[in-house]
Structure formats: C-alpha cells, structure tokens
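# Summary of structural features
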Amino acid sequence: MLAALRPLHKAIEELTLARASGRVLAAAQQALVASPPADNSAMDGYAARALDWAHRKPLPVSQYLPAGAEAQPLDSGTAVRIFTGAPLPKGADAVLAQELAELSGAEVMVAAAAETPPVGCHVRRRGEDFAQGARLLPAGRRLFPQDIGLLAAAGIASVPVYAPLRVAVLSTGDELLEPGAPPTSALRRPYNSNRPTLIALLGELGMEALDGGIAPDDRAQLSECLDTLAEQADCIISTGGVSVGDRDMLRRVVTERGETQLWQVAIKPGKPLLFGSVGEVPLFALPGNPAAVFICFRVLVRSCLLRLQGAEPETAPVLRARAVFSAPANQREEYLRASLRRANDGEMGIHPLGQQSSGALRPLADADCLARIPAGIAINAGDWLEVLPLRGG
Ligand code: AMP
Ligand code: MG
C-alpha cells in the first residue's frame, strides 16, 4: 500500500508555532540563533575563575547577576553572585553551587568540606544545545510538541506546513443509525460508531475529516457517493460492505467503477480490507466491524495517510512484553486487545481482555495496548510479544 502511494504535495501554509503541532513541515528548519544564546550558569551560586577558587581563600563578591541581568567582565580576584540562567561574566569559568559556598561578610570561599569547582563547573556554554545555523528538523517532519520548543528556542516563530490531508469518511450499511437519533427499540438497529472513531483518529493526525455520512447497501447509491467524495477529498476511508456477503456492495462497486489493488489481508481482525482507488483518489475500504476498523487504521491505514500528507517515515520504539497466556497458532497475524500489568519478576505481562470479537468495542476501550501475535506461531505463557501502546500520553 505504501509503495502505491505518493505524497500529495498539498498547499503550503505558514503557521505560528502554537498552531503547528501535529502538522508536517514543508521545508527544513535551521536555527536562527544558537542555544543557549550565551554562556550562562546552570546553578544558583557564585562564579569566578577556577584558578581563584583553587586558592581556597575568600573572594570579594563584585557583581549581583540574576537571570536577565547584563554581566560586566569579571574583576580579577573576585567572584560574582549568580543565579541559574544568568550570563557568565567574561573571565569567570567555574560556578560554585551556593550549597558549597561559605560566606563571610561580602566575601565568599569554597566550604572546607567541598571540592574546588573545576573549569566549566555548572557552566552552560553558548551553542552547546545547538549552534546558529544548525539543521534542526528536516522537511517532512511531523511536528511533535517537543519540536515546537526546539524551534522556539532557535528563534523561529512560524513554520511552513502542508495543508491538512482531506479524508472522506463514508459509512455503509442499511442498518446503521446515527448517534443522536432516538434508539428505535422496534428496529433495534446499531448506532454508527465507526464514523466518529475515524473522525477522532484523523483529528489526532491533524487531518481534516470530510463527513460522507451513511451510504445504503445499494450499488447505484454507493457508486454515486464514492464519485462525489472522490471529487472533494484527497482519499476515502469507507467502512463495511467489503466482505463476501450478498449485500456487501462496496467491493462490487469498486470493481466496476474504480480499481482494486488489494483485497483481504492476513490479519485478525481486519481480513476483508480492500485497498484501491476511485478515479485517482485512493480508497481504504475497511471492514464494518468496529474493532477491525480501529485496528486496520492503527496498523495499516495510518502510515499510508501520513505518506499522502508528505510525512517522512517515523521511527517508533518497538515495545515487547510477556504473554501471560497461551494460544494456538493462527494463520493470520492477530492483534489482541490487552492490558499490561507488571508481573512479580518486574516485566510487563500481557493480559488479553476477555472478548476478542471484531464487533466488540468495550475491550478496545479498556485495552491499553494491542498485542501482536505473528501468523503461524503458537504462543506459550512467558513468550515475548510486540505491543502497540494505545494511550499515547
Ligand atoms: P459489514 O462489513 O458491512 O458486513 O459489517 C460487519 C458488521 O459491522 C455488521 O454487524 C455491521 O452492522 C457492523 N457495522 C458496519 N458498519 C458499522 C458502523 N459504521 N458502526 C458500527 N457498526 C458497523
Ligand atoms: Mg454492511
């Protein structure tokens, strides 16, 4: 799927840092200034020349330097009162932490029990974090909150980012009721949960969801819906109607009107997934079952959308935990809804939640991770499995 997709090169907009988190950089960023911008103290204490501290004699205190103050060059043979973040006076090269200082009147010396502060002690050098002109972030970087701070420290107030990907979300199914509609106990129809789930997932990626509503299980209407959405959106995510039932119209419509690149994947849940296009517009047709929708998005669709958005592939930590269960081998790669709990040996143990039905939402909401069971491998208690955390913060 990734190989079939190219970045869409959306319009570029300039956003202030406060609004840029989650968006994808359209141009590499370089530091306008060095950080720290000047040599400064990393501690509250006294700054002097290390050579003078080494005499272990009282030094007169010649300046008072809180953060934000301007430092005068150090008078030789003196020390200055200095606070964290204050500029280091020219000539001073070692800060004595105030806990290790001994004061007498207007003089300071290293306390008897303390060691002499060496050159560079508690000094943060100009540019030690990054130099002026340093490459900070490449184009294609999806901005994390920690990147925002980095850019701000480098003197950057706004950045060029790609306009958000516009993703149409289409639900299919004659049975579906929109949340908010009175529960029709007579008909006992299920509420559409996939649509709000997908809209929320897209929101987390900083993308724009275009609400395609609910299409009935009818060839002509489904076909019309897809055509309309393909005109308005950069890509389409549909749910339902893609399996092998008589009323699963979506696959037929795509076969007639679009192109199918892939149908059915060896994962559980999520087998019926179809990947194709309507005209030039990529289509991710997910199964209808809500847990399958979430897992297909998390495991397969998300990285495709990021690629369309222009984001470079991201490294993510691979996390492993220990199975506290056993399971027979399965032909498909399986994603278990599970919770992680620390075992007596200190390692995290994977506890699958009771219900693993692809239609069940409760265990998905209760899960703090998905545990990945590779295809064709039987699991014994104590085996290490990869886990995908579900709750970022
Ligand atoms: P389908 O893939 O269309 O056969 O749907 C599989 C199951 O998922 C059926 O029980 C559907 O009622 C259910 N389903 C399909 N779409 C949704 C949706 N948007 N929200 C909640 N359940 C759905
Ligand atoms: Mg259906």
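In the block above lies the structure referred to throughout.
So, here is what we can say about the structure in this document. Remember, predicted model here, so these are calculated numbers, not experimental data.

## Overview of the side chain of Asp 93
- Within the element layout of this structure, Asp 93 appears in the loop between β6 (79–82) and β7 (94–97).
- Although Asp 93 is buried, it forms no salt bridge, and the closest oppositely charged side chain is Arg 49 at an N-O distance of 6.2 Å.
- For Asp 93, the side chain forms a polar contact with the main-chain nitrogen of Ala 50, separated by 2.6 Å.
- Once you skip the residues sitting within four places of it in the chain, Asp 93 turns out to touch Ala 48, Arg 49, Ala 50, Leu 88, Pro 118, Val 119, Gly 120, Cys 121, Val 123 and Arg 125.

## Overview of the pattern of salt bridges
- Tallying each qualifying case throughout the model produces 16 salt bridges.
- Across the salt bridge formed by Arg 166 and Glu 208, the nearest N and O atoms sit 2.6 Å from each other. Of this pair, Arg 166 sits in strand β13 (residues 166–172) while Glu 208 sits in strand β14 (residues 208–215); the two residues are 42 residues apart in sequence, bridging distant segments of the chain.
- Take Glu 208: its relative accessible area is 33%, and that puts it in the partly exposed class.
- Note that Asp 366 is salt-bridged to Arg 362, the shortest N-O span being 2.9 Å. Within this pair, Asp 366 and its partner Arg 362 are both found in helix α8 (residues 362–366), separated by four residues, close to a single helical turn.
- In this structure Arg 362 comes out as exposed when scored by relative accessible area, which is 60%.
- Through salt bridges with shared partners, one network takes in Glu 178, Arg 195 and Asp 211.

## Some words on empty space enclosed by the protein
- Under the definition given, this model contains one cavity of 30 Å³ or more.
- Taken as a whole, the largest cavity spans an internal volume of roughly 40 Å³.
- Within the residue set of the lining of the largest cavity, elements represented by two or more residues are α5 (219–232) and α6 (250–257).
- Across the lining of the largest cavity, the residue classes break down as four nonpolar, two polar and two charged.

## Section: the environment of Val 169
- For Val 169, the location among the structural elements is in strand β13.
- Val 169 gets classed as buried once you look at its relative accessible area, which sits at 1%.
- For Val 169 and Ala 79, which are 90 residues apart along the polypeptide, the C-alpha to C-alpha distance reads 67 Å.
- In this structure Val 169 touches Arg 195, Leu 198, Ile 199, Leu 202, Leu 210, Asp 211, Gly 212, Gly 213 and Ile 237, once residues within four positions along its chain are discounted.

## Some details on the sheet that holds β13
- One open sheet holds the six strands; their spatial order is β14-β13-β15-β19-β18-β16, and the pairing between them is mixed. Edge positions in the sheet fall to β14 and β16 (259–263), since each has one partner strand and no second. Neighbour to neighbour, the strand axes of the sheet diverge by 20 degrees on average, direction disregarded.
- Here four bridges tie strand β15 (residues 235–239) to strand β19 (residues 281–286), and the two strands are oriented parallel to one another. Note on β19: the bridge partner recorded for Ile 236 is Leu 283.
- On top of the sheet, α5 reaches β13, β14, β15, β18 (274–278) and β19; it is set at about 170 degrees to β13, its chief contact.
- Lying over the sheet, helix α7 (residues 290–309) contacts β13, β15 and β19, oriented at roughly 170 degrees with respect to β19.

Criteria and thresholds
Residue numbers run consecutively from 1 along every chain, following the written order of its sequence. Whichever chain is written first becomes A and whichever ligand is written first becomes 1, with later ones labelled in order. Whole-chain, interface and lining totals are the exception, using all residues; otherwise, since this is a predicted model, local features are given only for residues with pLDDT of at least 70 and side-chain atom pairs are given and counted only at 80 or more. Side-chain measures here rest on the full set of heavy atoms in the structure, leaving out hydrogens and waters. Counting from the N terminus, the helices are the DSSP runs of H or I reaching at least four residues and the strands are the DSSP runs of E reaching at least two. Exposed residues in this analysis have more than 50% of their type's maximum accessible area, buried residues have under 20%, and partly exposed residues fall in between, with area computed by a 1.4 Å probe over protein chains only. In this tally Asp and Glu are treated as negative and Lys and Arg as positive; neither His nor the chain ends contributes. Salt-bridge detection follows one rule: a side-chain nitrogen of Lys or Arg within 4 Å of a carboxyl oxygen of Asp or Glu. Between N or O atoms, a polar contact is any pair within 3.5 Å; within protein, one atom must be a potential hydrogen donor and the other a potential acceptor, and residues adjacent in sequence are included only when both atoms are from side chains. Contacts between residues were defined by any pair of non-hydrogen atoms, one from each residue, lying within 4.5 Å. Both site types are read off a 1 Å grid over the protein atoms alone. A 1.4 Å probe that fits but cannot get out defines a cavity, while an open set with protein on both sides within 12 Å along at least five of seven lines defines a pocket; lining residues have an atom within 4 Å of a point. Grid points are joined across faces, edges and corners, and a volume is the space filled by probe spheres set on the points. Gly is put with the polar residues, along with every residue not named as nonpolar or charged; the nonpolar set is Ala, Val, Leu, Ile, Met, Phe, Trp, Tyr, Cys and Pro, and the charged set is Asp, Glu, Lys and Arg. Only strands that DSSP links by at least two bridges are regarded as paired with each other. To define axes, lines are fitted to C-alpha atoms, for helices over the stretch in contact only, and angles between the resulting N-to-C directions are given on a 0 to 180 degree scale.

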